[in-house]
Structure formats: structure tokens, C-alpha cells
Amino acid sequence: MSSILTVCPVCDATTKLSSEVQPAEVISCTDCRSRLVIESLTANKAVLKEAPEVEEDWGE
Amino acid sequence: MLTLGILHTLIRADEKLLLQAATRRNIKTKLVDVRDANFNPLSYKPEFDLALERCISTVKGSYATKFLESRGITVLNPSTVANICEDKFLTSLVLQKNNVPTPNFTLVFSTEEAKKASEQLGGYPVIIKPTLGSWGRLLAKINDVDSLEAIIEHKDILGSPQQKPIYIQQYIDKPGRDIRLFVIDGQAICAIYRKSEHWITNTARGGNATNCRLNSQLRILAKNASEAVGGGILAMDIFETTDGYTVNEINHTMEFKNSEEPTGVDISGTVIDYCLEVYKKL
Ligand SMILES: Nc1ncnc2c1ncn2[C@@H]1O[C@H](COP(=O)(O)OP(=O)(O)OP(=O)(O)O)[C@@H](O)[C@H]1O
Ligand SMILES: [Zn+2]
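Residues numbered from 1 in each chain as written. Chains lettered and ligands numbered in written order. Predicted model: local features only at pLDDT ≥ 70, side-chain atom pairs only at ≥ 80, totals over all residues. Heavy atoms only, no water.

A look at the overall build of chain A
Inference 1: Looking only at helices and strands, chain A has 0 helices and 5 strands in total.
Inference 2: Taken from the N to the C terminus, the helices and strands of chain A come in the order β-β-β-β-β.
Inference 3: The C-alpha extent of chain A, read off along each of the three principal axes, is 35 × 20 × 15 Å.
Inference 4: For chain A, with 60 residues in total, the buried portion stands at 38%.
Inference 5: When contacts within chain A are restricted to residue pairs at least 6 apart in sequence, those whose partners lie at least 24 apart make up 24%.
Inference 6: Counting 5 positive and 11 negative side-chain charges, chain A places the averaged centre of each group 9 Å from the other. (Helix = DSSP H or I, 4+ residues; strand = E, 2+ residues; numbered from the N terminus. Buried < 20%, exposed > 50% of the residue type's maximum accessible area, 1.4 Å probe, protein only. Contact = heavy atoms within 4.5 Å. Lys, Arg positive; Asp, Glu negative; His and termini not counted. Charge placed at Lys NZ, Arg CZ, Asp CG, Glu CD.)

What follows is the structure in C-alpha cells.
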């Protein structure tokens, strides 16, 4: 499987995703280190958005 | 053949490790983003045989678990365990009742009672923390009555309804570290020290993780504390005191990604093996 190229919504840099990413997965932009989430994913296209802020009930 | 449902919200490195461990064992997985779920009992069709609850959102994870259990599906951890572990007051109560060492604690609803209760707990400093919550957020070390009043007023005015109960715990003077003990079905599998200059040692807040060798006391503590909350897959926060170990709290959807490397233990693999074991007994 090949990797997917996509664009960071924060810094606009082109980011290379591993072929093993999943929708809803949290990743970091290799350029600006922003925490991003895979919003949607098809065979050769991924859409990223900024990871949400921590909510009150989040935790272990 | 088992198809393992993984209930999730955001997928972290921890969930990826679990998925990889399942793949290595030829176990099929079905990712279930509970944010997109429609838990209508008349229409819901599960596509898995057993579920592992891994939601970052405690509330969503808890409802998903209760729903699936109502449909006859086994969830790890079961709601009986999650109900206790998600609430620090309930966890303390259950530990205390089962004679598992835990710091002294109380729950009050007013500043006046909080003042009296703090004295009763041995005086300042005391710790105030949300009964629901994690990663060391909104924890307060109260060094005197002035800060006690200030913190409670802030909680009262700025806090959500969940911040109204005031859970107070005795402050434990730790040796610059605490222990995170990983326990599956009553068995301690590994542990790390979380070291920090700050009294809050969470790795999520910059604490540093190193291996902590298991000993017989930790194994016994693991077994007893696990029995107290109902077993399952647990991460226990433990303090070292001059009187021995004391269990601060127990996490039921544990994060472990920073712990496999220092301990050399395949935590994700052990979790998946346990899921398979539970499935075989169904
Ligand atoms: N009573 C206490 N005395 C001293 N330190 C404490 C006490 N309670 C908590 N701490 C420290 O604060 C940090 C977070 O504590 P605790 O585990 O209770 O909260 P949490 O937000 O649920 O964190 P976690 O994500 O680890 O579950 C830990 O590093 C712990 O060592
Ligand atoms: Zn970026």
C-alpha cells in the first residue's frame, strides 16, 4: 500500500500519512506539530481537521 | 471466531497498539465510533461478538457499555466496573470498604463543611479533585484555609454541576514519583514509576516513565484492589508511603502507550489475549 498525501489545515504543509491510518485517528502534523484528526478517509484521499479541545469528561 | 468490537471516540496510539496486537493474533476487529452510533434497541445490529470500551469520553463510553450490555453483549470493562472507577468518590469508598489501603477522603458540599473536614483529615495540605475527570486536570493542592475558600468559590461559581460535590483527599507526600500498576483479571502484569518535580506526575503533564519491578506486595495489592472494583482491565495509581503502598485511584480505560517500552511488557497483547479468554468462556 502507498502512503496518502494530504494538507495540514493549520499550516497548509503537505503531510504524508501512513497507509495504516484510521478515521478518527489523532496524528501530529510533521511540520507544525499541531494535533490533527482524520475526519474522512478514502483509498487515496484524507481530510484532516484540528483535534478537538479536551472536554470535561475526557480521561482514563 | 471472535470479532472484537473496539468502542472508541478519538483513536490514539493506544488504540492503534490494540489493533496491531489483534491483527498479530488473527483476531478480527470492528472499529465502532460511538459518536456516530444510534443506540436504538429496535434497530441496532452489532457486528461483533465482544466489545472493548476505549472511549476518551467517559460519558459516551459509559452509555455505549450500558446499551450493549442491555443487548446481551459482553463489554470489557463491564459497566459495574466502569461505574465505580469513573467516580473517584465511589472508588475510594469501595477500596476502603474492602480494606485496600487508600488515602483518607471525604465528600462535602459546602465551604464550612470543607473546612471542618480538612481538619479531620489531618489538616493542610489537602487535595481537592473532581470526582469525574482525569489527566491531573483541575486538581488542587490546598495549603491553607484561604485557598480552600477560594477554590470552592471558584468551583461553585464557574463550575459545571459535576464540580459541585467537593471530594477532598489527604495529601500524600510522595518521594517525587508514584506508581502506575497495570492489572488484568486481578493479575499485575507490569508497572511504571511516574517521576516529576511537580506533585502532579501524570505523563500527560510531562511526568517521565521508567520501569517499576513488581514485588509480592504489589501483586497482592493488585489482586485485592481488582476484586474490590470488580476485576477487568485496570491501571492503578499507587503511592509509596512510610506505611507501605496506598491506592489513589483506579482507571478503567487505561492509557499505556508510554509504558510498553520502559517495562518491555506487551500490554496491548495481554489486553487482547484477555478479551479472547473472556470470549471463549462466554
Ligand atoms: N492525595 C494526593 N496526594 C499527593 N499527590 C496526589 C494525590 N492525589 C493525586 N495526586 C497526584 O496528582 C496526579 C493526578 O492524580 P489522580 O490520578 O488522582 O488524578 P487523575 O486526574 O485521575 O489522573 P490520572 O489520569 O492519572 O487518572 C498524580 O500524579 C498523583 O500523584
Ligand atoms: Zn501543520
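Observations concerning the coordination of the zinc ion (ligand 2)
Residues and elements named next belong to chain A.
Inference 1: For the zinc ion (ligand 2), the protein coordination sphere consists of C8 (SG), C11 (SG), C29 (SG) and C32 (SG), at 2.3 to 2.4 Å.
Inference 2: With 4 donor atoms in place around the zinc ion (ligand 2) and angles of 105 to 115° between them, the coordination shape is tetrahedral.
Inference 3: Spacing between the donor residues of the zinc ion (ligand 2) along their common chain follows C-x2-C-x17-C-x2-C. With a gap of 21 residues between them, C8 in the loop between β1 (4-7) and β2 (14-17) and C29 in the loop between β3 (26-28) and β4 (35-41) connect regions that are remote in the sequence. (Donors = N, O, S within 2.8 Å, 3.2 Å for Na, K, Ca; no water. Tetrahedral: all angles 85-135°; square planar, octahedral: opposite > 155°, others 65-115°.)

Thoughts on the sheet that holds strand β5 (residues 105-108) of chain B
By definition, the strands of a sheet pair up through backbone hydrogen bonds, in either a parallel or an antiparallel sense.
Residue and element names in this part refer to chain B.
Inference 1: What the 4 strands build is an open sheet, ordered β5-β8-β6-β7; its pairing is antiparallel. The open sheet has two edge strands with one neighbour each: β5 and β7 (140-142). Averaged over all pairs of adjacent strands, the angle between strand axes in this sheet comes to 30°, irrespective of strand direction.
Inference 2: Across 4 bridges, the pairing between β5 and strand β8 (residues 166-170) is antiparallel. Across the sheet, F105 pairs through a bridge with Q169, a residue of β8.
Inference 3: Here helix α4 (residues 88-97) sits on the sheet and contacts β5, β6 (126-129) and β8; the angle it forms with β5, its principal contact strand, is near 135°.
Inference 4: Where helix α5 (residues 111-120) meets the sheet, its contacts fall on β5, β6 and β8, and the angle it forms with β5 comes to roughly 170°. (Pairing = 2+ DSSP bridges. Axes fitted to C-alpha atoms, helices over the stretch in contact; angles between N-to-C directions.)

Quick word on α5 of chain B
All names here are of chain B.
Inference 1: If you check which residues of α5 are buried, you get A114, A117 and S118. All buried residues of α5 project into a common sector of 100° when viewed along the axis, lining one side. In α5, the exposed residues that point more than 90 degrees away from the buried face are K116 and Q120.
Inference 2: Packing partners of the buried residues in α5 comprise β5, β6, α6 (145-158) and β8.
Inference 3: G122 sits one or two positions beyond α5 and adopts a positive phi of about 110°. (Arc of directions from axis to C-beta.)

Let's talk about the layout of surface pockets
Residues and elements named next belong to chain B.
Inference 1: Of the volumes computed, that of the second largest pocket is approximately 230 Å³.
Inference 2: Together, I128, P130, L138, L139, A140, I151, H154, K155, L158, G159, S160 and Q163 line the second largest pocket.
Inference 3: At 4 residues, the largest contribution of residues to the lining of the second largest pocket is made by α6.
Inference 4: Its residues placed into classes, the lining of the second largest pocket shows 7 nonpolar, 4 polar and 1 charged. (1 Å grid on protein atoms, 1.4 Å probe; cavity = no way out; pocket = protein on both sides within 12 Å on 5 of 7 lines; lining within 4 Å. Points joined across faces, edges and corners; volume = space filled by probe spheres on them. Nonpolar A, V, L, I, M, F, W, Y, C, P; charged D, E, K, R; others polar.)

Focus on the domain arrangement of chain B
All names here are of chain B.
Inference 1: For chain B, the domain assignment lists domain 1 (3-77), domain 2 (104-170) and domain 3 (175-266).
Inference 2: Distance from the C-alpha centre of domain 2 to the C-alpha centre of domain 3: 24 Å.
Inference 3: Between domain 2 and domain 3, the contact holds 10 residues from the first and 8 residues from the second.
Inference 4: Both faces considered, domain 2 and domain 3 share a buried interface measuring about 670 Å² in area, 49% of it formed by carbon and sulfur atoms.
Inference 5: Summed over the shared surface of domain 2 and domain 3, the number is 3 residue pairs in polar contact (both at pLDDT 80 or more).
Inference 6: Among the secondary structure elements, those contributing two or more residues to the side of domain 2 that touches domain 3 are β6 and β7.
Inference 7: Taken together, the residues that form the side of domain 2 that touches domain 3 break down as 4 nonpolar, 3 polar and 3 charged. (Domains from an automatic or database assignment. Buried area = accessible area lost by both parts, 1.4 Å probe. Polar contact = N/O pair within 3.5 Å; in protein donor to acceptor, adjacent residues only side chain to side chain.)

Digging into the site of ligand 1
Inference 1: Around ligand 1, the surrounding shell holds 27 residues, and the nearest of these are K88, K129, D178, T201 and E249 of chain B.
Inference 2: In this structure ligand 1 sits where residues from chains A and B come together.
Inference 3: Between R194 of chain B and ligand 1, the recorded distance is 3.4 Å, taken from a side-chain N or O atom to an oxygen atom.
Inference 4: Taken by itself ligand 1 offers 610 Å² of open surface, and the protein chains cover 100% of this.
Inference 5: At the level of secondary structure, the elements contributing two or more residues to the shell around ligand 1 comprise β6, β8, β9 (177-184), β12 (233-241) and β13 (244-251) of chain B.
Inference 6: At 3 residues, β13 of chain B tops the list of elements feeding residues into the shell around ligand 1.
Inference 7: Among the residues making up the shell around ligand 1, the classes are represented as 8 nonpolar, 9 polar and 10 charged.
Inference 8: Residues from two domains meet in the shell around ligand 1; each of domain 2 (104-170) and domain 3 (175-266) of chain B gives at least three. (Near = heavy atom within 4 Å. Areas by Shrake-Rupley, 256 points an atom, 1.4 Å probe, with all protein chains shown as cover.)

With respect to the packing of aromatic side chains
Residue and element names in this part refer to chain B.
Inference 1: Tallying each qualifying case throughout the model produces 6 aromatic pairs over all chains.
Inference 2: Pairwise contacts between aromatic rings join F39, Y44 and F67 into one cluster.
Inference 3: Lying across the ring of Y171, K141 places its NZ or CZ 4.6 Å from the centre.
Inference 4: The ring of Y193 is capped by R177, whose NZ or CZ atom sits 3.8 Å from the centre of that ring. (Phe/Tyr/Trp six-rings, centres within 6.5 Å; stacked < 30°, edge-to-face > 60°. Lys NZ or Arg CZ within 6 Å of the ring centre and 35° of its normal.)

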